[in-house]
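Residues per chain are reported as follows:
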Amino acid sequence: MSEESQAILKLGVPKGSLEDATINLFERAGWKIRKHTRNYFPDINDPEITASLCRVQEIGGYIAAGILDVGITGLDWLTEGGHEDKVVHVADLVYSKTSNRPCRWVLAVAGDSPYQCPQDLAGKRIATELEGLTRNYFKRVGVDVDIFYSWGATEAKVVEGLADGIVEVTETGTTIRAHGLRIIDEVMCSYPVIIANKEAWADPRKRAKIDQLTLLLQGALRAESLVAIKMNAPASNLDAILEMLPSLNSPTVSPLRDEAWLSVETVVNIDVVRDLIPRLREAGAEGIIEYALNKVI
């Protein structure tokens, strides 16, 4: 094997619920991943990286074994597989298939059941895909239950009378409520993490590439919640306008040809823009421009 091929970084991309969100994140970070319909080895526009689509449940094991150098998996499945100490936890990337919020593994029961807390489920049947973490959870709260693996449609297990409770993943709780279930406790908060093989992490060339990936992925993710605003501000009311502007550091203020006006530019959280722009207009700002950001480092 040539020295060049040994330096190529083997990347694991999660297949399944995180697949589209992850590929979109990579594209915003600068890497285009193009899938093929008949195999699990997509193209990526970087000669220093090869990519594999893998189930998120498997990526931790592949990286621990050195089959892959780096990848994105869920903190939940990393813990469930017992691989936390076998890999390098490089960074957190808090996003999900539909939002930039972490997901939760919760304990849920039928809405009309008498169960109000984990202790009420002593001796009962619990269905879940996350058997190891569920066992540890009930051990931690001191409750003896019968845990069995669910091969899917976990919410229906309670409805069908196959289980008294479930431990299931949710972002908003909407699906759980739609099945007539009620959440009584949170088992674990989870989100995607970048993990690396220990030998790859110790290789200076691969470490540099992993650092590059991490920096730009985090920058692209951070940019999703921010926008840039630029405006012309009257010099006579500059202080009042600057007081309205939150920013990463401080707004940029530049002189214009007309000394009565200044150019002001800053980056703000996207959630405040709808209230901020009318206030800026009232304070005399003109030519207000809002534009999206690709990466914020």
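Residues numbered from 1 in each chain as written. Predicted model: local features only at pLDDT ≥ 70, side-chain atom pairs only at ≥ 80, totals over all residues. Heavy atoms only, no water.

## Observations concerning the packing of aromatic side chains
Thought 1: Overall, the coordinates contain four aromatic pairs when judged by the stated rule.
Thought 2: Here Phe26 and Trp31 contribute two aromatic rings whose centre-to-centre distance is 6.5 Å and whose plane-to-plane angle is 70°, an arrangement assigned as edge-to-face. Judged on exposure class, the residue Phe26 and its partner Trp31 are both buried.
Thought 3: With 4.7 Å between their ring centres and 75° between their planes, Tyr149 and Trp151 make a pair best called edge-to-face.
Thought 4: Note on Tyr149: relative accessible area 29%, which makes it partly exposed. (Phe/Tyr/Trp six-rings, centres within 6.5 Å; stacked < 30°, edge-to-face > 60°. Buried < 20%, exposed > 50% of the residue type's maximum accessible area, 1.4 Å probe, protein only.)

## Considerations on the environment of Leu213
Thought 1: Note on placement: Leu213 falls in helix α9 (residues 204–223).
Thought 2: In this structure, the C-alpha to C-alpha distance between Leu213 and Gly60, residues 153 residues apart in sequence, is 18 Å.
Thought 3: Once residues lying within four places of it in the same chain are set aside, the contact partners of Leu213 are Leu9, Phe26, Trp31, Ile49 and Val70. (Helix = DSSP H or I, 4+ residues; strand = E, 2+ residues; numbered from the N terminus. Contact = heavy atoms within 4.5 Å.)

## With respect to the pairing of strand β13 (residues 226–234)
Thought 1: Most of β13 sits inside the fold, with seven of its nine residues counted as buried.
Thought 2: Two elements, β13 and strand β15 (residues 261–269), share nine bridges in a ladder whose sense is antiparallel. Considered in β15, the bridge of Pro234 is made with Trp261.
Thought 3: Two strands pair when backbone bridges link them, and β13 and strand β16 (residues 286–292) are joined in this way by five bridges, in the antiparallel orientation. Counted as the bridge partner of Lys230 is Ile289 from β16. (Pairing = 2+ DSSP bridges.)

## Comments concerning the confidence of the model for the protein chain
Thought 1: Scored by pLDDT, the protein chain comes out at a mean of 94, with 97% of its residues at no less than 70.
Thought 2: Taking the mean pLDDT of every element in the protein chain, the minimum, 62, falls on helix α1 (residues 3–6) and the maximum, 98, on helix α8 (residues 198–202). (pLDDT = per-residue confidence, 0-100.)

## Concerning the pattern of salt bridges
Thought 1: Scanning the model with the defined rule gives 13 salt bridges in all.
Thought 2: A salt bridge links Glu224 to Arg28, with the nearest nitrogen and oxygen atoms 1.8 Å apart. A residue pair is termed long-range when its members are at least 10 positions apart, and Glu224 in the loop between α9 and β13 and Arg28 in helix α2 (residues 19–29) qualify at 196 residues.
Thought 3: By relative accessible area, which is 24% here, Arg28 ends up partly exposed.
Thought 4: Between Glu131 and Arg135 there is a salt bridge; the shortest N-O distance is 3.6 Å. One end of the pair is Glu131 and the other is Arg135, both in helix α5 (residues 131–140) and four residues apart, which spans about a single turn.
Thought 5: Within the structure, one salt-bridge network assembled from shared partners comprises Lys15, Glu19, Asp20 and Lys35. (Salt bridge = Lys/Arg side-chain N within 4 Å of Asp/Glu carboxyl O.)

## Points about the sheet that holds β15
Thought 1: Here we have four strands laid out as an open sheet, ordered β14-β15-β13-β16, and antiparallel in their pairing. On the outer flanks of this sheet lie β14 (252–255) and β16, each paired with one strand and no other. On average, each strand axis in the sheet is inclined to that of its neighbour by 15°, with strand direction left out of account.
Thought 2: Relative to β15, β14 runs antiparallel, the two sharing four bridges. Note on β15: the bridge partner recorded for Pro255 is Leu262.
Thought 3: Across the face of the sheet, helix α11 (residues 273–282) comes into contact with β13, β15 and β16 while running at roughly 165° to β16. (Axes fitted to C-alpha atoms, helices over the stretch in contact; angles between N-to-C directions.)

## Observations regarding the sheet that holds strand β9 (residues 146–149)
Thought 1: The strand order across the open sheet built from five strands is β9-β8-β10-β7-β11, with neighbouring strands paired in mixed fashion. This sheet does not close on itself; its edge strands, each paired only once, are β9 and β11 (181–190). Between one strand axis and the next, the sheet turns by 25° as a mean value, whatever way the strands run.
Thought 2: For strand β7 (residues 103–110) and strand β10 (residues 165–170), the ladder comprises six bridges, and the chain directions are antiparallel. Paired with Val109 across the bridge in β10 is Gly165.

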